[in-house]
Amino acid sequence: PLSPLASCPTACLPARWGFFIAIRFLCAVAAVVLLAGCGPSVNRYLLIDTSLRANDPKGADAIVQRTEKEYGEKSRVLYGMDRGMLLQLAGDYQQSNAVLEQAEDEIDRLYTRKIRTEALAFMTNDTALAYEGDPYEQVLVNVLKALNYTALDQWQDALVEARRIDHRLNVLSDRTQEKGAYREDGFARYLSGILYESTGDVNNAFIAYRKAYETFDATRAWSYTAVPSQLREDLLRTAEALHFTQELAEYRRLFPDTKWETSQSLQQLAQVVVISYNGRAPRKEDQFLDLPVSLDALQLVLLNRGLSQANRQSNRGVDTVLYGLNGRVVRVALPRLAPQKTQVPVDRVSLIPDNGTGVTVNTELVHNVTALAEKALSERMAGITVKALARAATKFALAEGAMRGAQQAAGKDAGPWVGLLVGLLAKGLAVASEEADKRSWQTLPDEIHLARVWVPPGRYQVQSQLGGGSHDPLTSEAMRTLSIGPGETALLLQRVMP
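Model, not experiment: these values are computed from the prediction. (Residues numbered from 1 in each chain as written. Predicted model: local features only at pLDDT ≥ 70, side-chain atom pairs only at ≥ 80, totals over all residues. Heavy atoms only, no water.)

Undergrad: Even after reading the chapter, I still don't get the overall build of the chain, so can you show me in this structure?
TA: The secondary structure content of the chain amounts to 18 helices and 10 strands. With 498 residues in all, the chain has 51% of them scored as buried. Relative to all contacts within the chain whose residues are 6 or more apart in sequence, the contacts with residues 24 or more apart total 75%. When the accessible surface of the chain is summed, it comes to about 23400 Å², and 56% of that surface belongs to carbon and sulfur atoms. (Helix = DSSP H or I, 4+ residues; strand = E, 2+ residues; numbered from the N terminus. Buried < 20%, exposed > 50% of the residue type's maximum accessible area, 1.4 Å probe, protein only. Contact = heavy atoms within 4.5 Å. Areas by Shrake-Rupley, 256 points an atom, 1.4 Å probe, with all protein chains shown as cover.)

Undergrad: Please explain the layout of surface pockets as it appears in this structure.
TA: Where empty space is left in the structure can be found by rolling a water-sized probe over the atoms. As a volume, the largest pocket reaches approximately 1100 Å³. Considering the residues around the largest pocket, the lining is formed by 35 residues, among which Glu 132, Gly 133, Pro 135, Gln 138 and Arg 175 are closest to the centre. Sorting the residues of the lining of the largest pocket by element identifies α7 (93–109), α9 (135–151), α10 (155–175) and α18 (369–432) as the ones contributing at least two each. Residue composition of the lining of the largest pocket, by class: 13 nonpolar, six polar and 16 charged. (1 Å grid on protein atoms, 1.4 Å probe; cavity = no way out; pocket = protein on both sides within 12 Å on 5 of 7 lines; lining within 4 Å. Points joined across faces, edges and corners; volume = space filled by probe spheres on them. Nonpolar A, V, L, I, M, F, W, Y, C, P; charged D, E, K, R; others polar.)

Undergrad: I tried to follow the sheet that holds strand β6 (residues 364–368) on my own but got confused; where do I start?
TA: Within a sheet, adjacent strands bond to each other through the backbone by hydrogen bonds, running parallel or antiparallel. Taken in spatial order, the four strands of this open sheet run β6-β7-β1-β10, and their pairing is mixed. Looking along the sheet, the strands with just one partner apiece sit at the ends: β6 and β10 (489–496). Within this sheet the neighbouring strands show an average axis-to-axis angle of 25°, counted without direction. Alignment of strand β1 (residues 270–278) against strand β7 (residues 447–455), held across nine bridges, turns out to be antiparallel. Bridge assignment links Gln 271 to a residue of β7, and that residue is Trp 454. (Pairing = 2+ DSSP bridges. Axes fitted to C-alpha atoms, helices over the stretch in contact; angles between N-to-C directions.)

Undergrad: Teacher, can you tell me more about the packing of helix α6 (residues 76–89) against α7 here?
TA: Between two packed helices, the angle of one axis relative to the other and the distance separating the axes together describe the packing. Closest axis-to-axis distance for the α6/α7 pair is 8 Å, and the angle between their directions is 160°. Here α6 is positioned roughly antiparallel relative to α7, judged by the angle of their axes. Crossing hand, α6 versus α7: left-handed. Contact residues: α6 offers Val 77, Gly 80, Met 81, Arg 83, Gly 84, Leu 87 and Gln 88, while α7 offers Tyr 93, Gln 95, Ser 96, Val 99, Leu 100, Ala 103, Glu 106 and Ile 107. (Parallel < 35°, antiparallel > 145°, perpendicular 65-115°, else oblique. Left-handed = near helix turned anticlockwise from the far one by under 90°.)

Undergrad: Quick question: what am I supposed to make of helix α13 (residues 229–241) here?
TA: Within an α-helix, residues lying three or four positions from one another point in the same direction, as the helix has 3.6 residues per turn. Here α13 is 13 residues long and its end C-alpha atoms lie 19 Å apart, about the 18 Å a rise of 1.5 Å per residue gives. Where α13 is buried, its residues meet α11 (186–198), α12 (202–223), α14 (245–254), α15 (263–266), β6 and β7. The first or second residue beyond α13 is His 243, which carries a positive phi of 60°. (Expected span 1.5 Å × (residues − 1).)

Undergrad: Could you clarify how one ought to interpret empty space enclosed by the protein in this entry?
TA: Applying the stated rule across the entire model yields five cavities of 30 Å³ or more. By volume, the largest cavity is sized at about 120 Å³. Among the elements of the structure, α11, α12 and β6 are those that each provide at least two residues to the lining of the largest cavity. Of all the elements, α12 adds the most residues to the lining of the largest cavity, at five residues.

Undergrad: I'm lost on the nonpolar core in this one. Help?
TA: The nonpolar side chains of a soluble globular protein tend to be buried with one another. Membership of the largest hydrophobic core comes to 85 residues, with the highest contact counts inside it found for Tyr 136, Val 143, Tyr 190, Leu 231, Ile 275, Tyr 277 and Trp 441. Excluding residues within four positions of it along the chain, Leu 231 makes contact with Tyr 190, Tyr 209, Ala 212, Tyr 213 and Phe 216. The next biggest cluster of nonpolar side chains, apart from the first, holds 15 residues, and it includes Val 272, Val 274, Ile 484 and Leu 492. (Core = buried A, V, L, I, M, F, W, Y, C linked by side-chain atoms within 4.5 Å.)

Undergrad: Looking at this model, I keep getting lost on unusual backbone geometry. Mind explaining?
TA: Negative phi is the rule for most residues except glycine; trans is the rule for most peptide bonds. If you check the backbone angles, Asn 55 has positive phi at about 55° while not being a glycine. With respect to the helices, strands and loops of the structure, Asn 55 is situated in the loop between α3 (42–53) and α4 (57–66). Not every positive phi belongs to a glycine, and His 243 is a case in point at roughly 60°. Summarising the element assignment, His 243 is placed in the loop between α13 and α14.

Undergrad: Looking at this structure, I do not really get a nonpolar patch on the surface. What am I missing?
TA: Together, Leu 289, Leu 291 and Leu 389 line one region of the surface with nonpolar side chains, adding up to about 220 Å² of accessible area. Along the chain, the position of Leu 291 falls in strand β2 (residues 283–292). (Patch = residues over 30% accessible without salt bridge, like charges linked within 9 Å, V, L, I, M, F, W, Y side chains within 5 Å. Salt bridge = Lys/Arg side-chain N within 4 Å of Asp/Glu carboxyl O.)

Undergrad: Would you explain the pattern of salt bridges in this entry?
TA: Close approach of charged atoms lets side chains of opposite charge pair. Here the structure, examined in full by the defined rule, presents 31 salt bridges. Put simply, Arg 168 and Glu 104 hold a salt bridge, and the shortest N to O gap is 3.2 Å. Taken together, the positions of Arg 168 in helix α10 and Glu 104 in helix α7 put the pair 64 residues apart, joining distant regions of the chain. When sorted by exposure, Arg 168 lands in the same class as Glu 104, which is buried. In the salt-bridge network here, residues are joined through shared partners; they are Glu 101, Glu 104, Lys 145, Glu 161, Arg 164 and Arg 168.

Undergrad: I keep staring at the sheet that holds strand β9 (residues 480–484) and nothing clicks. Help me out?
TA: One open sheet holds the four strands; their spatial order is β5-β4-β8-β9, and the pairing between them is antiparallel. For this open sheet the edge positions go to β5 (359–362) and β9, each flanked by a neighbour on one side alone. Neighbour-to-neighbour, the strand axes of the sheet open up by a mean angle of 30°, direction not taken into account.

Undergrad: How should I be thinking about the packing of aromatic side chains in this particular structure?
TA: For any pair of aromatic rings, geometry is given as the distance between the ring centres together with the angle between the planes. Scanning the entire structure with this criterion turns up seven aromatic pairs. Pairing Tyr 213 with Tyr 251 gives two aromatic rings, centres 6.1 Å apart and planes at 85°, and the pair type is edge-to-face. Placement of Tyr 213 in helix α12 and of Tyr 251 in helix α14 is noted, with a sequence separation of 38 residues between them. Note on Tyr 213: relative accessible area 14%, which makes it buried. Look at Tyr 251 and you get buried, because its relative accessible area is 7%. Relative to Phe 255, the ring of Tyr 251 lies with its centre 5.7 Å away and its plane at 5°, an arrangement referred to as stacked. This pair shows no difference in class: Tyr 251 is buried, exactly as Phe 255 is. Taken together through their ring pairs, the aromatic side chains of Phe 206, Tyr 213, Phe 244, Tyr 251 and Phe 255 make up a single cluster. Just above the ring of Tyr 71 sits the side chain of Arg 44; from NZ or CZ to the centre is 3.9 Å. (Phe/Tyr/Trp six-rings, centres within 6.5 Å; stacked < 30°, edge-to-face > 60°. Lys NZ or Arg CZ within 6 Å of the ring centre and 35° of its normal.)

Dropping the structure here:
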């Protein structure tokens, strides 16, 4: 006698197989929707901002540590970036470098991805991929480490980071073929030049200053960052010190109104470098495109968007049910940038000596983080869109197949109801799982400003003001005491969040 399996008519095999596919598909989709990494918690960054406004970077770092599980394994790099920034603001430079070093190691490790991870992201969304950071964020990891070493007076380690910046930018330039793409960084080059000159390496300082000038000049159309006036002085001073007659004549022609002090005249003075982090970095939001594949679906999408356009995020559950029931809507999620521009165009820092006349210097914009974030997203948007469309179409096709398989498996009588239920679940999950990757380094500022001044050695009181107005009570540098000797360099870091 035949076994029960062998005696089953062959006609029922496709139906059962379709039913099993449907069940397995629903379980798989439900699992990955629940387990896929989520974008950064809005509440987390709101709490961080509140702490920073209260001049409590240690409290902000504690928030990041408490929410470490929210970051998840796929966002270890982002966790290190956020902590590294906040620990620097808290003055814990060694620990800041420790976590930034781990983030940098993870970035290098993630240079090649696993095929399985890519497949999971294709079936859900890009938050299933490990976050590596945009190229400008990766460069800023080394910038922050260099600043930490400078604050610790570990100049040779700071120079190591300057060389790492050079290597990272050279690799990026070789890898990036698109004309006008981000491949150089004016601020990172400028900071490297300051580090080299502060340690007596005038030749490498001049090379870095020249690259910084060329980058600022070439990218000002999209970075909205002019060549800093201080950088012009630095180019003239170092070109003269190196006896680069041709270069000096060229920069004199380019900067006819710029006055500068010679390197020799600055040798017995002390240098103060101010780095001011102004405002908040932009955040990313979901931008949903609901694509109908029938006339009824078009009417539903138009009606739904008219009713709930005011609060798209809170209506995702409603969208899931409506589009799941209709079954003819394909959802595509794309990221869009939400700038949070600072209202502080310039910071004024006063150095008041115990004896003598004080010195006041205005900071200059050297790094527009929001512009860099917009550039990075625009360069990737075409690839993100193609991938999102393909993913949404694949999920829709699989959901359609699961529904038809379940209908055949259930038979003629129960088929319509089972198909409706499975279609609701499968297509609803396809809609619900569609989400843009909104991760970004949000503890960065909107802008980075810099000032550089040479003063007589001595003891100073440091006062920070916003735009030449009243004293800023939020910066930790307000009324700070500073003692510097001949030829020494002091670094002042501050966060301005008006």
